[in-house]
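# Secondary and tertiary structure notes
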Amino acid sequence: MEKKNIDFASLGFGYTQTDLRYVSNFKNGAWDEGGLTADANITMTECACVLQYAQTCFEGMKAYTTEDGRIVCFRPDMNAARMADSCRRLVMPVFPEDRFVDAVKQTVAANAAWVPPYGSGASLYIRPFMFGSDAILGVKPATEFQFRVFATPVGPYFKGGVRPLSLRVSDFDRAAPRGTGHVKAGLNYAMSLYAITDAHAQGYDENVYLDPETRTYLEETGGANLIFVKGNTLVTPKSDSILPSITRRSLVYVAKEHLGMDVEERPVALAELKDFDECGLCGTAAVISPVASIDDHGDKITFAGFGPALQKIYNTLTGIQMGRIEPPKGWIVEIC
Ligand code: PLP
Ligand code: COI
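Residues numbered from 1 in each chain as written. Chains lettered and ligands numbered in written order. Predicted model: local features only at pLDDT ≥ 70, side-chain atom pairs only at ≥ 80, totals over all residues. Heavy atoms only, no water.

Before going further, it helps to examine the domain arrangement of the chain. Segmenting the chain into domains produces domain 1 (8–154) and domain 2 (165–321). Between domain 1 and domain 2, the C-alpha centre-to-centre distance is 25 Å. Contacts between domain 1 and domain 2 engage 21 residues on the former and 22 residues on the latter. Of the roughly 1,700 Å² buried between domain 1 and domain 2 on both sides combined, carbon and sulfur atoms contribute 66%. For the pair domain 1 and domain 2, the interface holds zero salt bridges. Applying the counting criterion to the domain 1 and domain 2 interface returns nine residue pairs in polar contact (both at pLDDT 80 or more). Elements that contribute at least two residues to the side of domain 1 that touches domain 2 include exactly β4 (56–58), β5 (61–65), β6 (71–74) and α2 (76–89). In terms of residues, the side of domain 1 that touches domain 2 owes the most to one element, α2, which gives six residues. A class-by-class count of the residues in the side of domain 1 that touches domain 2 yields ten nonpolar, five polar and six charged. (Domains from an automatic or database assignment. Contact = heavy atoms within 4.5 Å. Buried area = accessible area lost by both parts, 1.4 Å probe. Salt bridge = Lys/Arg side-chain N within 4 Å of Asp/Glu carboxyl O. Polar contact = N/O pair within 3.5 Å; in protein donor to acceptor, adjacent residues only side chain to side chain. Helix = DSSP H or I, 4+ residues; strand = E, 2+ residues; numbered from the N terminus. Nonpolar A, V, L, I, M, F, W, Y, C, P; charged D, E, K, R; others polar.)

A few words now on the packing of aromatic side chains. Under the criterion given, the structure shown has 20 aromatic pairs. Between F95 and F147 the ring centres are 4.0 Å apart and the planes differ by 15°, which places this aromatic pair in the stacked class. Separated by 52 residues along the polypeptide, F95 in the loop between α2 and α3 (97–110) and F147 in strand β8 (residues 145–154) bring together distant segments of the chain. A single burial state applies to F95 and to F147, both of which are buried. Centroid distance F172 to Y194: 5.3 Å. Interplanar angle 75°. Geometry classified as edge-to-face. Placement of F172 in the loop between β9 (165–169) and α4 (186–201) and of Y194 in helix α4 is noted, with a sequence separation of 22 residues between them. (Phe/Tyr/Trp six-rings, centres within 6.5 Å; stacked < 30°, edge-to-face > 60°. Buried < 20%, exposed > 50% of the residue type's maximum accessible area, 1.4 Å probe, protein only.)

So this is what it looks like as structure tokens:
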């Protein structure tokens, strides 16, 4: 199959419209059969629940070209399960998990010409999402919904490619105690826009959010979970208000089972930051991005960037994703 004539290696993390996307509509209590469409636009009432009350959630995942030329997707069943959790929390109908995985496969296969080649450093980002589409004025959930999946080729999430990042501890929160931080609700990201704009204006790449209840524990950044290394131990924050990252859960397994590291998933106090050797961000978009420093109101804590442990974890995880290392059962789903 002929690839699209674009310079995959110089892509940043942005939207390029591709050929086909998947759409299914929920009406009268049921999802329709769904299917692919060339139409990238959505028309809906001005009073749609998503526009008035932000009733929407999404997922983010990637497809890769492996070393031997197959197109594969990483753990789509985990995204299906997390989207089901998001829907239940936001009073939206679950799109059945098997149909979610099938919709992802159909979307990737239909856009195979857009999947960046092996070795380009780019991948196909897949964005499943759902929103309440009928007119809702009093505050209550919609009764009609649309589920869509689009795909777009992307490069590194942070400008300038993989480089050590400079973060700051944010004075804003991205989630509320007992709120929606643990699901992938669009509203969490709306909450973070002011803080990320301000962080960029001050010269930082991202915000580190603290636990919204006591503001003494580390949570995550606007688009990724945090990981730390101390000696042979991988430490990652545990909290009810952070997104359960599929990348984080995967690399915890890799650190334990492939690399023989100790792993601690536990509340991590802000005061502990200075004790860690290495720090990284992990997520679908971020993969593993090394952190150079975290600025806590003028107290700047520095890390090794890509130190030896994070580099090993990165190499193993991306090796599995790109087909160079035998994956744990069920992690790699072949598309074509
Ligand atoms: N945390 C937030 C707030 C995110 O938006 C993401 C991205 O999806 C992650 C963490 C990482 O999750 P995952 O590894 O499942 O992509
Ligand atoms: C992802 O990593 O998939 C994300 O959703 C992060 C960001 C682009 C929102």
